[in-house]
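# Summary of the model geometry
The chain contents come next:
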Amino acid sequence: MNELLFPLQDQLKGFSRALFSTWLYHKRFNILFDCGEGVSTALQNRVFGIRRIFLSHGHADHIAGLVNLLNIRNLGAGDQTAPLHIYYPNNNKLLEYMIDYLTRTQKDLSFPLNWIPIEAGETLKLEDQKGYIYIKTFETKHSQRQLSLGYNIYETRRRLKPEYVGLSQFQLNKIIREKGKDEIAEDFDKIIFSYGGDSRPINPSDIKESLFLCHEATYICKEDDERNFQQHSFLEEALIVAKEAKVGNLLLIHSSLRYNLEEYFEAINELKQKLDIDFKVILLYGDYFFDTDLPLNKKNKNRKINNSNNE
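Summarised in this report is the structure supplied together with it. (Residues numbered from 1 in each chain as written. Predicted model: local features only at pLDDT ≥ 70, side-chain atom pairs only at ≥ 80, totals over all residues. Heavy atoms only, no water.)

## Details of the sheet that holds strand β4 (residues 52–54)
Here we have 6 strands laid out as an open sheet, ordered β1-β2-β3-β4-β5-β6, and mixed in their pairing. Every other strand in the sheet has two partners, leaving β1 (12–17) and β6 (113–118) as the edge strands with one partner each. Ignoring which end each strand starts from, the neighbouring axes of this sheet average 20 degrees apart. Two elements, strand β3 (residues 31–33) and β4, share 3 bridges in a ladder whose sense is parallel. Bridge assignment links F33 to a residue of β4, and that residue is F54. Where helix α3 (residues 66–75) meets the sheet, its contacts fall on β3, β4, β5 (84–89) and β6, and the angle it forms with β5 comes to roughly 165 degrees. (Pairing = 2+ DSSP bridges. Helix = DSSP H or I, 4+ residues; strand = E, 2+ residues; numbered from the N terminus. Axes fitted to C-alpha atoms, helices over the stretch in contact; angles between N-to-C directions. Contact = heavy atoms within 4.5 Å.)

This is how it looks when you write it as structure tokens:
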């Protein structure tokens, strides 16, 4: 097996291009974040592995893939009975139109389909996962008229209580014999994955110390938002958010076609130096993941990480 160039390389498949399509599949949890056009074509029979879809908002480039995905799961060569749960921001009119269309046109599905409206701050336990895994939603700033959401995956873990840090194993074993393992250890909840869709910068407190943050970076420079939509983030904002949140890794998504790959790499690496970034920065450029620690030249262009190789 090839050495992983970045954490979760073997777990993530995706595509992201501003305006055209965005989706990200996390294989460990059988979760699809957003459902842009082309997802079924890219994943093919892997769509049968999806158990939950979490939609960030109702723009077409994030939901257009739902039509074909449901059709493939209903007619394709795979498990046609496994239920599918689709979570979406409550009272989002664009999504309600899509749900109405799919309800009218997909009446005889072979699998249970559940549409679940959710609000910011909700907690959803993933019952089918080992250990205690849950998702908590947070509000993002994208459309002024509709609720948009980001998602944190939490895992409950165990750690040594602060008062026992620094003791030798001999001392710890003595305490365990006298008072039991629960005396020295405590549970804590850790954000292991965060997805923000596309939006203005995420509040760092919502993703504090996440092990892996997916944050959009549509623009390299603020001035490039020539229409002044103020719905997206520019590169420096995304890096600052990740730094302030003290994340472990940053995946930049929602790249704009106005920039080529070299321009993104140059800007990312300049800002990494300027901001003294000490975490790994990965770029999802179309359907390729790029480790920005590697120089982008003719030799290393071949080291781009194609989704199809992440089996």
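Don't stop here, the text continues.
## Some details on unusual backbone geometry
One non-glycine residue with positive phi stands out, namely D34, at about 60 degrees. With respect to the element layout, D34 can be found in the loop between β3 and α1 (39–43). The phi torsion at N91 lies on the positive side, around 60 degrees, for a residue other than glycine. Along the chain, N91 falls in the loop between β5 and α4 (93–105).

## Brief notes about the packing of aromatic side chains
Counted according to the given criterion, the structure contains 15 aromatic pairs. Both rings, one in F54 and one in Y151, keep their centres 5.0 Å apart while their planes meet at 55 degrees; by these two values the pair is tilted. Residue F54 is located in strand β4, and its partner Y151 is located in strand β9 (residues 148–160); the two are separated by 97 residues in the primary sequence. Of the two residues, F54 and Y151, both sit in the buried class. Judged by centre distance (6.4 Å) and plane angle (50 degrees), the ring pair of Y288 and F290 falls under tilted. Using a relative accessible area of 22% as the deciding quantity, one classes Y288 as partly exposed. The buried category is assigned to F290, whose relative accessible area is 5%. Through a chain of ring-to-ring contacts, three or more aromatic side chains come together here, namely F33, F54, Y87, Y151, F193, Y195 and F212. The ring centre of Y285 lies 4.3 Å from the NZ or CZ of R17, which sits over that ring. R73 extends its terminal NZ or CZ atom over the ring of F111, reaching a point 4.8 Å from the ring centre. (Phe/Tyr/Trp six-rings, centres within 6.5 Å; stacked < 30°, edge-to-face > 60°. Buried < 20%, exposed > 50% of the residue type's maximum accessible area, 1.4 Å probe, protein only. Lys NZ or Arg CZ within 6 Å of the ring centre and 35° of its normal.)

## Regarding the pairing of strand β10 (residues 185–195)
Extensive coverage of β10 is indicated by the burial of 8 of its 11 residues. Pairing between β9 and β10: 10 bridges, direction antiparallel. Across the sheet, Y154 pairs through a bridge with I191, a residue of β10. The sheet contact formed by β10 and strand β11 (residues 213–216) spans 2 bridges and is parallel. In the strand pairing of β11, Y195 is matched with C214.

## Topic: the nonpolar core
With 31 residues, the main nonpolar core has L235, L239, L250, L252, F279, V281 and L283 as its most contacted residues. Elements represented by at least two residues in this core include exactly α6 (235–245), β12 (249–253), α7 (261–274) and β13 (280–285). Setting aside residues up to four positions removed in sequence, V281 forms contacts with L239, L250, L252, I268, K272, F290, D291 and T292. In terms of nonpolar packing, the next biggest core, distinct from the first, is built from 27 residues, I133, I135, F193 and Y195 among them. (Core = buried A, V, L, I, M, F, W, Y, C linked by side-chain atoms within 4.5 Å.)

## Some words on the pattern of salt bridges
For the structure on display, the rule yields 16 salt bridges. One salt bridge in this structure joins R200 and E237, with 2.9 Å as the shortest N-O distance. Taken together, the positions of R200 in the loop between β10 and β11 and E237 in helix α6 put the pair 37 residues apart, joining distant regions of the chain. A relative accessible area of 16% places E237 in the buried class. (Salt bridge = Lys/Arg side-chain N within 4 Å of Asp/Glu carboxyl O.)

## Remarks on the pairing of β11
A regular strand places its side chains on the two faces of the sheet in alternate fashion. Here β11 shows no split at all, with L213 and H215 on one side and C214 and E216 on the other all buried. Of the strand pairs in this sheet, β11 and β12 are connected by 4 bridges, and their pairing is parallel. Paired with L213 across the bridge in β12 is L250.

## Description of α7
Side chains of residues three or four places apart in an α-helix project in the same direction, reflecting 3.6 residues per turn. For α7, built from 14 residues, the straight-helix expectation of 20 Å at 1.5 Å per residue is met to within 8% by its first-to-last C-alpha distance of 20 Å. For α7, the complete set of buried residues consists of L261, Y264, F265, A267, I268, L271 and K272. In this structure, the buried side of α7 is in contact with α6, β12, β13 and β14 (288–291). At the N-terminal boundary of α7, the capping side chain belongs to N260, with an oxygen 3.1 Å from the backbone nitrogen of E262. Among the residues trailing α7, D276 stands out with phi positive, at a value near 55 degrees. (Expected span 1.5 Å × (residues − 1). Polar contact = N/O pair within 3.5 Å; in protein donor to acceptor, adjacent residues only side chain to side chain.)

## Focus: α4
With 13 residues, α4 extends 18 Å between its outermost C-alpha atoms, agreeing within 8% with the 18 Å of an ideal straight helix rising 1.5 Å per residue. On its buried face, α4 sits against α2 (60–63), α3, β5 and β6.

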